[in-house]
Amino acid sequence: MTTLTTAMPDEKGYFGEYGGQILPPPMIEIMNQINDAYDEVTQTKAFQDELNELYADYVGRPSPIYFARRLTDKIGGARIFLKREDLNHTGAHKINHCLGEALLAKHMGKTKVLAETGAGQHGVALATACALVGIDCEIHMGEVDIVKEHPNVTKMKILGCKLVPVSRGTQTLKDAVDSAFEEYMKDPVNFFYAIGSVVGPHPFPKIVRDFQSIVGKEAREQFMAKEGKLPDTLIACVGGGSNAIGLFTAFLDDESVKMIGVEPAGKGLDTDQHAATMSKGSKGAIHGFECYNLQDDEGNPLPVYSIASGLDYPGVGPQHCHLKDIKRVQYEAIDDKECLDAFMQLSRLEGIIPALESAHAIAYAMKLAKTMSNDETILVNLSGRGDKDADFVADKLSL
Ligand SMILES: *Cc1c(COP(=O)(O)O)cnc(C)c1O
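Attention here is on the structure that accompanies the text. (Residues numbered from 1 in each chain as written. Predicted model: local features only at pLDDT ≥ 70, side-chain atom pairs only at ≥ 80, totals over all residues. Heavy atoms only, no water.)

1. With respect to the overall build of the protein
- Scanning the protein from terminus to terminus reveals 16 helices and 14 strands.
- Its C-alpha atoms give the protein a radius of gyration of 20 Å, near enough to 21 Å, the size a compact globule of 399 residues would have.
- Counting across all 399 residues of the protein, residues that qualify as buried make up 60%.
- In the protein, 73% of the contacts between residues at least 6 apart in sequence involve partners at least 24 apart.
- With an accessible surface of roughly 16,200 Å², the protein has 51% of that area assigned to carbon and sulfur atoms.
- In the protein, 40 side chains carry a positive charge and 56 a negative one; their mean positions are 5 Å apart. (Helix = DSSP H or I, 4+ residues; strand = E, 2+ residues; numbered from the N terminus. Rg over C-alpha atoms; globule rule 2.2 N^0.38 Å. Buried < 20%, exposed > 50% of the residue type's maximum accessible area, 1.4 Å probe, protein only. Contact = heavy atoms within 4.5 Å. Areas by Shrake-Rupley, 256 points an atom, 1.4 Å probe, with all protein chains shown as cover. Lys, Arg positive; Asp, Glu negative; His and termini not counted. Charge placed at Lys NZ, Arg CZ, Asp CG, Glu CD.)

2. Focus: the site of the ligand
- Every one of the 16 residues lining the ligand counts as a neighbour, but K94, S197, G239, G241 and S242 are closest to it.
- A distance of 2.6 Å separates an oxygen atom of the ligand from a polar side-chain atom of K94.
- G241 places a polar main-chain atom, nitrogen or oxygen, 2.8 Å from an oxygen atom of the ligand.
- When the ligand sits alone it has 380 Å² of accessible area, and the protein chains cover 97% of it.
- Tallied by class, the residues present in the shell around the ligand amount to 4 nonpolar, 10 polar and 2 charged. (Near = heavy atom within 4 Å. Polar contact = N/O pair within 3.5 Å; in protein donor to acceptor, adjacent residues only side chain to side chain. Nonpolar A, V, L, I, M, F, W, Y, C, P; charged D, E, K, R; others polar.)

3. Comments concerning helix α4 (residues 94–107)
- Helix length check: α4 (14 residues) gives 20 Å between terminal C-alpha atoms against 20 Å at 1.5 Å per residue, within 8%.
- For α4, the tally of buried residues reaches 12 of 14 residues, placing the bulk of the element in the interior.
- Within α4, the full set of buried residues consists of K94, I95, N96, H97, C98, L99, G100, E101, A102, L103, L104 and A105. (Expected span 1.5 Å × (residues − 1).)

4. Some remarks on the packing of α4 against helix α9 (residues 204–212)
- At a closest axis distance of 8 Å, the pairing of α4 and α9 adopts a crossing angle of 120 degrees. Between α4 and α9 the crossing geometry is right-handed. On the side of α4, the interface is formed by K94, N96, H97, G100, E101 and L104, while α9 contributes F204, I207, V208, F211 and Q212.
- Considering only residue class, the contact of α4 with α9 consists of 5 nonpolar, 4 polar and 2 charged. (Axes fitted to C-alpha atoms, helices over the stretch in contact; angles between N-to-C directions. Left-handed = near helix turned anticlockwise from the far one by under 90°.)

5. Considerations on the packing of α9 against helix α10 (residues 214–227)
- It is at 5 Å that the axes of α9 and α10 come closest, and there the two elements cross at 30 degrees. Of α10, the residues touching α9 (which contributes D210, F211 and Q212) are I214, V215 and G216.
- Class assignment for the residues of the contact of α9 with α10 results in 3 nonpolar, 2 polar and 1 charged.

See below:
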């Protein structure tokens, strides 16, 4: 049996050609200490019991698997099921790894958890986890994003985190990363930088994947219990790739299960307004690791765009790059228009308003289901709910 799940990454943090630690030697040393502490702490019963209890009683796990009957009937073809990560406390899958990271920081005796946020989703999930675990939290956010994402800014303040406005550069995500990283470098022994997806230097792609893998573990058992067999196809949206790898990991060794990651095609793959890293990117380094990148000729990250702010990142998790190269996972792209259509269809046929990120996965499932037979099944990871997007969509569609 190929053990794709456990054999990766190697001891240098590589998934095939991707990942690693593209950092100065003192930083590599610090990352290796985090890796050692992670391997040790997460093996203890105290840590596992605490995390499992929080997943059950705080997040509300296991999240259900729901058969979307009306959507299936409307489209015809394969039966579509949803893994309901949208029902988690705080409304998305991000709480799974934020709780893990906050708890890890506490068990390692760190004094402060740091992160950047773009649209504020990672910031809110992390501020929530830190409030619960009882550890200081500091989030860096661009001034432009602070104005744009007001409800999330308010939530972070209520949750008690320190919000640091970033006024340099374009005052958006990349500048927030730089600013948060500078703060982290002031005391990396006592601070913990909590990365928001399966990206960044080793060990973060591993750590975040492991905390998210609960999604696929549950889904595999639940689907078996419900249908007596595994799903034929899994579909998840891919920004950095954490919700997708969370679902896929438990199925990687099941050869019969096809897996599809869905990227944002934005205004079209033939324009410069998308964030389809896998479809249009090339190998390079970003934020301390190697992966497919949307980059210019000098290797600088290109500006990226998606209607779903949680998907617009110019890099992607290293394990996804490897899974693409070995053809274990297929990567497809969905544009803004298809995303909006799926958003409305799921809302009106099922009474479930999805996050715009998740609507990319729904849109691809709708396309694919038609080409499959009605004794086949598709399981979509519904990574989050669309409360945050409702006003924007209503405005866009003049509802
Ligand atoms: C942040 C976010 C994503 C994208 O992140 P991944 O790491 O690719 O999962 C997807 N869906 C929702 C709801 C999000 O908040």
